[in-house]
Amino acid sequence: MITPWHIPRNALTWILLSLLLLVPAHYDHLPWWALLVCLVVAGWRIMILRGEWGLPSIWIKLLLVLLSVAGIYQQFGGITGLEPMVALLFCGFSLKLLECSSRRDVYLVLFLAYLVAASAFLFSQQITFSLYMLLCVLVITAALVALHQPNVSEFSLSGLYKATVILLQAIPLTVVLFLVLPRFEPLWSVPAPSHQARTGMSDTMSPGDISALGRSDQLVFRAEFESGIPSSRQLYWRGLTLSDFDGRTWHRGPENMRFLTPRESQSVRQRFSQPINYKLIIEPNNQYWIFSLPLAFTDNPKVKMASDSRLVSIQQIGSRMQLDVLSDPDERLQSFMDIQQRALYTELPASGNPRTREWAQRLLDQAGNEVIFVQQMLDYFSREAFFYTLEPPLLGRDSVDEFIFDTRRGFCEHYASSFVFAVRSAGIPARVVAGYQGGDVNPLTGVVSVRQYDAHAWAEVWLEDQGWVRVDPTGAVSPLRIESGLQRAMEAVAEEFLPDDFLSPYRYRDIPWINQLRLRYEMLNYQWTKWVLNYRGQLQIDVMKRLLGDITAWRIAVLLLLVTLLASLPFLYRAWLHGRHLEPHQRLYLKICRMLEKQGYERQPNETPDEFAHRVAQDAPAWGPSLQLVTGLFTRLEYESVPEQEREQALKNLKHELFKLRYKRVWK
């Protein structure tokens, strides 16, 4: 009768630990029931270990697989795509643990665990997350080591120790390979996870859209300036211009679809008189538009300039993107407007908001010219009892009329939308601009971090002899929003900042020690992003030149060889030092023990040589004579006083038996 194979208790414990550690790494992009499946599988396997349950039947396993596939299809609308495939991989990894009945099955589970851990980096690569995933890999490796310790019956940390040694050995070579291996663009394209763009800036704007972004502290991009950070009033990050209005929602117009030719872009660049140089590090957002200071230029071939002076990526920003940009906010965005463009930027729905239309025309007649008219409108917003709030009341059919004359409570999109509508009612070209304003400056790095709560909308008005002029009615109502950011503006009106995220450190910037921890963490994360996640292209070439001088294949090979030798030296020295203090017969006996260990027979710490030989001989009688002779020779040399000549002969006999075991294969 063949005894069924069972996963060693120690190995199973480490496998279950790795399974549970991988759950937090995927919790934010997997359906809740997939995580529940993982916990159920872990509990079921524990009951099998205790002998209270058995392995599930093939019908139960088939049912679980079908339910998992159906759940993924229902959750994501299909099983193709990044998130559905990761969910399918995670469910397969969990369910496979229920049918492990051989060592090969356990190997497959562990290899799937490594793959599940690697897939988590598709969703996040922050330094804290990377350290957590390193812990997951360490535990998975400990499970793999424990699988090769069949004689360790109870849970033991020895596997974790050996796994740590293995990973430490790999670090030097990993670092060198990271530095020298070139980074090529992949032959395939993996779209960014869809959840990364759920709270981002969309290409339409309705009342309440941007105020919803004001509740999130998600990072959008970072900016590093070469020579001083502009004042907060200058940090208007343009991303979208919206010119079509249907009575409630603003949309992009046809002028957004035309891009400048390379020659036209260069002519724009030549107009710069005092350009501002800065570097953008843009987080993945599944969108095309790039947020930059007004009148921006870049020579990156993957970015184009639109006719409305915006920067647009030629493909979705599905991975972190680094961009060198030049801007000159003092230059005109556009110096000429034809009749067709004027008609586009003054177009309004045929009906709706009659009070605003009449009021704007009357105000223009009183002002006498466009410049005074715009200033009087701003004075109206600052003089009347308008209120800046993240929780504006709902508006009805004539939303602009209700906002300007009745509720007077709104966020930046309410002010920008109503202002542009009123200006167009007076026959003056205007458009809404959506983007971000301000940003959090880290004094430790001098880097500006722009987050979702910095989302903002303002207006651009066409004035003769001036071109497009930025006008921000929100600044007339709440100057603190422009000068000091959203948090100070919310404090001024006694509203809570980031009300949906109680644990966000950005809520507690007034507490010095929390703010210092936040700034230091952001500095560390920025350096990680700049030097590790963005280590490619020219940066990699510069680092390689500092290390090697001329970059040649021979120098890279020599560097790899030297690092491998240096990484091996501590372990070679330890082995040499250990063998140096052993007698010749002790070293020979240890070699025989290591040979037996490879065959599955490991000598226990409290086991005498005679007991060990007797145990092995009982299981493998063919080995008995050789082991008894070896053990007798070793015991005599170890514990008896043997004359020198007899000792030399005994050592020769011991070497002879070792030769027989090694080369004449006295094995099963």
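The rules behind the values
Residues numbered from 1 in each chain as written. Predicted model: local features only at pLDDT ≥ 70, side-chain atom pairs only at ≥ 80, totals over all residues. Heavy atoms only, no water. Helix = DSSP H or I, 4+ residues; strand = E, 2+ residues; numbered from the N terminus. Rg over C-alpha atoms; globule rule 2.2 N^0.38 Å. Buried < 20%, exposed > 50% of the residue type's maximum accessible area, 1.4 Å probe, protein only. Contact = heavy atoms within 4.5 Å. Lys, Arg positive; Asp, Glu negative; His and termini not counted. Charge placed at Lys NZ, Arg CZ, Asp CG, Glu CD. Pairing = 2+ DSSP bridges. Axes fitted to C-alpha atoms, helices over the stretch in contact; angles between N-to-C directions. Parallel < 35°, antiparallel > 145°, perpendicular 65-115°, else oblique. Left-handed = near helix turned anticlockwise from the far one by under 90°. Nonpolar A, V, L, I, M, F, W, Y, C, P; charged D, E, K, R; others polar. Patch = residues over 30% accessible without salt bridge, like charges linked within 9 Å, V, L, I, M, F, W, Y side chains within 5 Å. Areas by Shrake-Rupley, 256 points an atom, 1.4 Å probe, with all protein chains shown as cover. Salt bridge = Lys/Arg side-chain N within 4 Å of Asp/Glu carboxyl O. Polar contact = N/O pair within 3.5 Å; in protein donor to acceptor, adjacent residues only side chain to side chain. 1 Å grid on protein atoms, 1.4 Å probe; cavity = no way out; pocket = protein on both sides within 12 Å on 5 of 7 lines; lining within 4 Å. Points joined across faces, edges and corners; volume = space filled by probe spheres on them. Expected span 1.5 Å × (residues − 1). Core = buried A, V, L, I, M, F, W, Y, C linked by side-chain atoms within 4.5 Å.

> Go over the overall build of the protein chain, please, and point to the residues and values.
Each helix and strand counted, the protein chain has 24 helices and 18 strands in total. Relative to the compact-globule value of 26 Å for 668 residues, the protein chain shows a C-alpha radius of gyration of 35 Å, a clear excess of over 25%. By its C-alpha atoms, the protein chain is 125 × 60 × 45 Å across when sized along the principal axes. The buried share of the protein chain, taken over its 668 residues, is 47%. Across the protein chain, the fraction of contacts at a sequence separation of at least 24, relative to all contacts at a separation of at least 6, is 70%. Averaging the positions of the 66 positive and the 65 negative side-chain charges in the protein chain gives two centres separated by 10 Å.

> Which residues make up helix α13 (residues 399-407), and what are the values?
Three or more residues of α13 are buried, namely Ser 399, Val 400, Asp 401, Phe 403 and Ile 404. If you follow the buried residues of α13, they end up packed against α11 (354-367), α12 (370-383), β13 (409-410) and α14 (412-425). Note on α13: the residue one or two positions beyond its end, Arg 408, has a positive phi of about 55°.

> Before we move on, can you summarise the sheet that holds strand β3 (residues 236-242) with the specific residues and values?
Either a parallel or an antiparallel arrangement is found when strands of a sheet pair, and the pairing is made through backbone hydrogen bonds. Pairing in this open sheet of 4 strands is antiparallel, and the strands run β3-β14-β17-β18 from one edge to the other. Of all strands in the sheet, those bounded by a partner on one side alone are β3 and β18 (467-471). Each neighbouring strand pair of the sheet contributes to a mean axis angle of 35°, computed without reference to strand direction. As paired elements, strand β17 (residues 455-463) and β18 share 5 bridges and run antiparallel to each other. What sits directly across from Val 461, in β18, is Val 469. Its contacts with the sheet place α12 against β17 and β18, and it is angled at close to 155° to β17. Of the strands in this sheet, β14 (430-437), β17 and β18 are in contact with α14, which crosses β17 at around 15°.

> Explain the environment of Arg 397 to me, and be specific about the residues and the numbers.
Structurally, Arg 397 is set in the loop between β12 (387-388) and α13. Residue Arg 397 is classed as exposed on the basis of its relative accessible area, which comes to 78%. Taking the C-alpha atoms as reference points, Arg 397 and Arg 248, separated by 149 residues in sequence, lie 8.0 Å from one another. Contact partners of Arg 397, with chain neighbours within four places excluded, come to Gly 247 and Glu 402.

> Before we move on, could you go through the packing of helix α1 (residues 9-26) against helix α5 (residues 103-119) and cite the residues and values that matter?
Two elements in contact, α1 and α5, have axes whose closest approach is 10 Å; the angle formed by their N-to-C orientations is 20°. Comparing the axis directions of α1 and α5 gives the class roughly parallel. Of the two possible hands of crossing, α1 and α5 adopt the one that is left-handed. Across from Ile 15, Leu 22 and His 26 in α1, the residues of α5 making contact are Val 106, Val 109, Leu 110, Ala 113, Val 116, Ala 117 and Ser 119. The residue makeup of the contact of α1 with α5, split by class, is 8 nonpolar, 2 polar and no charged.

> An account of a positive patch on the surface is requested, with residue identities and associated values reported.
The grouping of Arg 587, Lys 591, Arg 594, Lys 598, Lys 652 and Lys 655 at the surface amounts to a positive patch. Ranked by residue count, the leading element in the positive patch is helix α21 (residues 584-598), at 4 residues. Inspection of the secondary structure puts Arg 594 in helix α21. For Arg 594, a relative accessible area of 45% puts it in the partly exposed group.

> Please set out the side chain of Glu 460 residue by residue, giving values where relevant.
Considering the arrangement of structural elements, one finds Glu 460 in strand β17. A distance of 2.9 Å separates polar atoms of two side chains, one belonging to Glu 460 and the other to Arg 238. A polar contact is formed between the side chain of Glu 460 and the side chain of Arg 431, at a distance of 2.9 Å. Residues in contact with Glu 460, not counting those within four places in the same chain, are Arg 238, Leu 333, Pro 429, Ala 430, Arg 431, Val 433, Trp 468, Val 469 and Arg 470.

> For empty space enclosed by the protein, give the residues involved together with the corresponding values.
Think of a ball as big as a water molecule: rolled over the atoms, this probe shows where empty space is left. This structure, assessed with the given rule, holds 4 cavities of 30 Å³ or more. Quantified by volume, the second largest cavity comes out at close to 110 Å³. Around the second largest cavity, the lining comprises 14 residues; the ones closest to its centre are Pro 207, Leu 395, Ser 399, His 414 and Ser 417. At the level of secondary structure, the elements contributing two or more residues to the lining of the second largest cavity comprise α13 and α14. Broken down by element, the residue count for the lining of the second largest cavity peaks at 4 residues, all from α14. Looking at side-chain class alone, the lining of the second largest cavity contains 7 nonpolar, 5 polar and 2 charged residues.

> Hey, could you go over helix α4 (residues 82-96) for me, with residue numbers and the actual values?
For α4, with 15 residues, the first-to-last C-alpha span of 21 Å sits near the 21 Å given by 1.5 Å per residue. Burial within α4 is extensive, with 12 of its 15 residues counted as buried. Among all positions of α4, only Leu 82, Glu 83, Pro 84, Val 86, Ala 87, Leu 89, Phe 90, Cys 91, Phe 93, Ser 94, Leu 95 and Lys 96 are buried. Looking at the buried positions of α4, the neighbouring elements they touch are α1, α2 (32-49), α3 (58-76) and α5.

> Residue-level account of the environment of Glu 464, with values.
Checked against the element boundaries, Glu 464 lands in the loop between β17 and β18. Given a relative accessible area of 47%, Glu 464 falls into the partly exposed group. Once you skip the residues sitting within four places of it in the chain, Glu 464 turns out to touch Arg 342 and Glu 370. Engagement of the side chain of Glu 464 in a polar contact is seen with the side chain of Arg 342, the distance being 2.9 Å.

> Got a sec to walk through the nonpolar core? Specific residues and values, please.
One finds Trp 237, Leu 280, Phe 373 and Phe 419 to be the most contacted residues of the largest nonpolar core, which totals 92 residues. Per-element accounting of this core gives the leading share, 8 residues, to α14. Dropping the residues within four chain positions of it, Phe 373 is found in contact with Ala 360, Leu 363, Leu 364, Ala 367, Ala 422, Val 423, Ala 426 and Ile 428. By size, the runner-up hydrophobic cluster in this structure holds 52 residues, among which are Ile 72, Val 109, Val 116 and Ile 140.

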